[in-house]
Amino acid sequence: YKMQRATTLVMQQMLRQRMQPMQCLVSRVPLATFTHRYTATSTVTSKQATPPPRHDWNRAVSEAERIVGYPTSFLSLRWLLSDEIANVALHLRKLVGSAHPLMKTAKHLLYNGKNTMQAWGLIVLLVSKAGGHAASIPDVEQDKSAGVLHSQRALAEVTEMIRISHLVHNSVVNLQTGTQAAQDGTTFDDMSFGNKIGLLTGDYLLGHSSAELANLRNQEVVELISSAVRDFSESEFIGERDEQNNPLPFKPGTFQRPSLSVGVDFNEHDVLTPMPIGQVMGNPEQEWECRNILNAGSLLGKSCQGSLKLAGQSEEMQRHAYRFGKHLALAWQACLDAEIFQTPTLPLDAQFSLVSAPVLFHLEHDPSMYALLEKGKQTVEQIDYHKIHKIIIAGPALAKTKELQCKHTAAALTVLQHFPATDARQALENIILAMQDL
């Protein structure tokens with residue numbers, strides 16, 4: 001111990017000796033030098049057009065988490081230190097360096113700050129706090145420090161678990177006899193092992209979310225969230241797919257139907273009824289909305305609706321909560337769809353969804369591009385994504401995608417005005433504005 005203490009003191013003394021010349025150098029520089037440089041820089045900047053203020057995404061999320069009490073993602077210490085998650089992480093390490101899609105999903109979940117997955121629970125809690133609760137709710141069910149109910153916080157975690165379980169299940173590779181993945185003997189073992197981990201992880205999250213949902217002891221909320229899981233499954237059967245179940249767009253001209261006079265959505269008074277998807281195929285905007293409502297907007301919208309149902313709010317407020325969650329999810333997805341087309345060149349080994357908004361809009365503008373997409377009917381790996389990327393950024397599809405994002409952003413902000421003016425509503429507005437600047 002004495003030797004460690006002596007070594008520490010010697011290192012601290014050496015560090016102080018090295019810092020002294022730097023401090024002296026800084027002290028000899030006149031303050032006027034910094035003032036002159038700053039003045040010159042600010043003078044040049046003032047001659048240029050002042051850009052509009054940008055909203056910081058991380059700051060908006062941090063302020064929102066402070067409003068509802070603490071970070072809401074189920075990726076908290078109590079989850080990361082549990083035996084089940086620890087075992088999954090241990091086995092997941094064996095896939096490092098492999099090409100299994102599960103690794104990409106895990107990386108996207110943990111490191112992508114703009115990702116929707118970890119923010120969905122936060123959105124549900126902010127809507128819960130913005131909507132308030134009925135006076136008949138007992139004090140024991142309230143988290144007075146955060147302004148939400150304990151059941152609403154549980155529902156927020158359930159929402160995140162269901163969403164992530166769906167994405168993990170989608171990472172499973174089709175290894176049936178005859179597929180290209182099954183014939184590749186060099187990677188078959190990695191793919192098979194990754195499938196086992198993906199299935200077990202997804203099933204664990206989905207099973208645990210079902211148990212937590214049942215513990216809410218509210219049959220209407222259970223039916224609502226169960227219908228969102230049904231919508232996930234239904235979204236996987238829209239249109240053509242390659243052998244790995246990656247979605248492919250319809251061939252232009254396959255459907256010749258007039259556009260609906262109303263927006264694509266579930267029945268206003270009964271969201272449990274399945275969506276009539278057959279009426280929207282062939283129209284790029286409505287087909288995109290249908291796919292993404294089923295794949296994302298349904299869960300977020302119905303979770304927001306369920307949170308106010310737990311709070312004893314009126315049917316009208318519950319419908320407002322559903323509309324807000326749906327439009328926010330669609331605006332978010334449009335933002336993510338457009339992100340990869342913001343750069344003049346596609347990053348190496350990067351891919352994008354072939355049913356994203358820019359692709360569907362450009363197919364309407366130039367149906368001849370479908371010849372490049374037909375090559376992916378066996379596997380999308382055979383498609384030249386770089387060529388398609390160049391074609392799309394040269395056309396009007398990106399501008400239409402931005403208009404689509406603005407449309408749903410404006411709709412979400414409009415619905416938000418039905419909620420009382422609180423710090424939670426302001427936090428939701430800040431998140432929407434920050435999302436526009438991503």
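What counts and how
Residues numbered from 1 in each chain as written. Predicted model: local features only at pLDDT ≥ 70, side-chain atom pairs only at ≥ 80, totals over all residues. Heavy atoms only, no water. Helix = DSSP H or I, 4+ residues; strand = E, 2+ residues; numbered from the N terminus. Expected span 1.5 Å × (residues − 1). Buried < 20%, exposed > 50% of the residue type's maximum accessible area, 1.4 Å probe, protein only. Core = buried A, V, L, I, M, F, W, Y, C linked by side-chain atoms within 4.5 Å. Axes fitted to C-alpha atoms, helices over the stretch in contact; angles between N-to-C directions. Parallel < 35°, antiparallel > 145°, perpendicular 65-115°, else oblique. Left-handed = near helix turned anticlockwise from the far one by under 90°. Contact = heavy atoms within 4.5 Å. Nonpolar A, V, L, I, M, F, W, Y, C, P; charged D, E, K, R; others polar. Salt bridge = Lys/Arg side-chain N within 4 Å of Asp/Glu carboxyl O.

Caption draft 1: Region of the structure containing helix α8 (residues 150-169). Over its 20 residues, α8 extends 29 Å from the first C-alpha to the last, a length consistent with the 28 Å expected when each residue adds 1.5 Å. Counting buried positions along α8 yields 16 of 20 residues, so the element is predominantly enclosed.

Caption draft 2: Quick look at the nonpolar core. By size, the foremost hydrophobic cluster in this structure holds 62 residues, and its most contacted members are I123, L126 and F324. Per element, the largest residue contribution to this core is nine residues, and it comes from helix α7 (residues 117-131). Counting 41 residues, the second-largest nonpolar core is a separate cluster that includes M281, L330, V380 and L404.

Caption draft 3: Inspection of the packing of helix α13 (residues 315-339) against helix α17 (residues 397-416) at higher detail. Packing of α13 against α17 leaves a shortest axis separation of 8 Å and a crossing angle of 155°. Between α13 and α17, the angle is such that the two are roughly antiparallel. Judged by the sense of rotation from one axis to the other, the crossing of α13 with α17 is left-handed. Residue-level contacts link H320, R323, F324, H327, L328, L330, A331, A334, C335 and A338 of α13 to L398, T401, K402, Q405, H408, T409, A411, A412, V415 and L416 of α17. Grouping the amino acids of the contact of α13 with α17 by side-chain chemistry returns 12 nonpolar, six polar and two charged.

Caption draft 4: Seen up close, the pattern of salt bridges. A complete count under the given rule lists 13 salt bridges for this structure. Ionic pairing is found between K129 and D423, a salt bridge with its closest N-O pair at 4.0 Å. One end of the pair, K129, is in helix α7; the other, D423, is in helix α18 (residues 423-436), with 294 residues separating them in the sequence. Residue D423 is classed as partly exposed on the basis of its relative accessible area of 40%. Notably, a salt bridge pairs K407 with E289, separated by 3.2 Å at the nearest N-O pair. Residue K407 is located in helix α17, and its partner E289 is located in helix α12 (residues 284-310); the two are separated by 118 residues in the primary sequence. K407 gets classed as partly exposed once you look at its relative accessible area, which sits at 41%. Where salt bridges share partners, they join R230, D231 and K302 into one cluster.

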